[in-house]
Amino acid sequence: MKLFADSANIAELESVLTRGLVRGVTTNPTTLKAETAGDPVSHLRKIVGLLEKDGREFPLSVQVMARTPDEMSRHARVISDALGYKSLIVKIPCEWDSLRVIHDLTANGAQVNATACMTVAQGLLAAQAGARYVSFFAGKMSDAGMDPRRVIADTAPLIQEHGTEIIVGSLRRAYDVTDFASAGAHVVTVPPRFFGLLAEHPKTAEAVDLFAECFLPLS
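Each value, and the rule that gives it
- Residues numbered from 1 in each chain as written.
- Predicted model: local features only at pLDDT ≥ 70, side-chain atom pairs only at ≥ 80, totals over all residues.
- Heavy atoms only, no water.
- 1 Å grid on protein atoms, 1.4 Å probe; cavity = no way out; pocket = protein on both sides within 12 Å on 5 of 7 lines; lining within 4 Å.
- Points joined across faces, edges and corners; volume = space filled by probe spheres on them.
- Nonpolar A, V, L, I, M, F, W, Y, C, P; charged D, E, K, R; others polar.
- Helix = DSSP H or I, 4+ residues; strand = E, 2+ residues; numbered from the N terminus.
- Core = buried A, V, L, I, M, F, W, Y, C linked by side-chain atoms within 4.5 Å.
- Buried < 20%, exposed > 50% of the residue type's maximum accessible area, 1.4 Å probe, protein only.
- Contact = heavy atoms within 4.5 Å.
- Arc of directions from axis to C-beta.
- Polar contact = N/O pair within 3.5 Å; in protein donor to acceptor, adjacent residues only side chain to side chain.
- Salt bridge = Lys/Arg side-chain N within 4 Å of Asp/Glu carboxyl O.

## A short note on the layout of surface pockets
As a volume, the largest pocket reaches approximately 330 Å³. The wall of the largest pocket is formed by 20 residues, among which Asp-6, Asn-28, Lys-91, Phe-137 and Ser-170 lie closest to the centre. Here the lining of the largest pocket is built from residues that sort into five nonpolar, eleven polar and four charged. As a volume, the second largest pocket reaches approximately 230 Å³. Forming the walls of the second largest pocket are 15 residues, and the residues nearest its centre are Ala-76, Ser-80, Val-90, Leu-105 and Ala-110. For the lining of the second largest pocket, the elements supplying multiple residues, two or more each, are helix 4 (69-83), strand 4 (88-93) and helix 5 (96-107).

## Looking at unusual backbone geometry
Despite not being glycine, Glu-57 has its phi angle at roughly 50 degrees, a positive value. Looking at the secondary structure, you find Glu-57 in the loop between helix 3 (40-52) and strand 3 (60-63). In this structure, Ser-170 takes a positive phi of about 60 degrees despite not being glycine. Looking at the element boundaries, Ser-170 is found in the loop between strand 7 (165-169) and helix 9 (176-183).

## Remarks on the nonpolar core
In this structure, Leu-60, Ile-92, Val-134 and Ile-166 are the most contacted members of the largest nonpolar core, which totals 58 residues. No other element matches helix 3, which puts five residues into this core. Apart from residues lying up to four places away in sequence, Ile-92 is in contact with Val-64, Met-72, Ser-98, Val-101, Ile-102, Leu-105, Val-112, Asn-113, Ala-114 and Thr-115.

## Some details on helix 1 (residues 10-17)
Every buried residue belonging to helix 1 is among Leu-13, Val-16 and Leu-17, and all of these are buried. Seen end-on, helix 1 carries its buried residues on one side only, within an arc spanning 100 degrees. Sitting at the amino-terminal end of helix 1 is Asn-9, which places a side-chain oxygen 3.1 Å from the backbone nitrogen of Ala-11.

## Some thoughts on the pattern of salt bridges
Under the counting rule described, the total for this entry stands at ten salt bridges. A salt bridge links Glu-95 to Arg-67; the shortest N-O distance between them is 3.3 Å. You can see Glu-95 sitting in the loop between strand 4 and helix 5 and its partner Arg-67 sitting in the loop between strand 3 and helix 4, a full 28 residues away along the chain. Taking the shortest distance from any N to any O, the salt bridge between Arg-132 and Glu-165 comes out at 3.7 Å.

Written as structure tokens, this is what we have:
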């Protein structure tokens with residue numbers, strides 16, 4: 001099981017990467033827009049620079065900003081050519097028309113993250129079409145009255161033979177990370193603000209303070 005960082009903010013990504021906490025990064029048009037001044041490619045190149053540091057080359061998911069299949073395919077090629085990053089994962093929304101795009105891209109050697117999945121059926125179809133990852137949006141699933149844990153648990157065995165991995169994103173609480181990991185997610189993509197919450201506990205601080213009071217100087 002792996003953790004990814006769900007962010008396009010350079011400082012946030014540096015913070016988690018330097019601690020060795022993540023094995024990949026997911027972005028979306030919303031997070032990119034918040035960090036760029038109308039030039040997402042330049043910003044993505046900065047993220048690639050972070051991911052290539054020390055030979056890591058962790059996967060980077062970037063979503064196409066198009067709605068028609070032809071435009072999705074064209075935009076995927078533009079992103080790939082502009083970044084030249086071998087660990088690029090192209091995010092394609094999981095819909096009927098876009099399944100052809102997923103299939104065509106993977107047939108031509110691209111790695112695809114079928115994003116915005118909500119149901120077991122969507123995950124299965126995306127895996128059949130060749131997606132490397134299927135991304136479930138847990139927060140939106142909960143908003144719709146669905147149980148993300150059940151969907152994750154039901155999807156995992158169905159896509160195993162395809163070599164497809166489940167990414168769970170759209171987290172609402174820090175403890176969602178361990179909940180969805182235990183449900184069978186291969187990857188949980190985490191907003192960086194949650195990492196600090198996951199690393200801390202009042203009883204840990206209490207124990208450290210007690211040890212500090214008993215500290216004996218080393219000779």
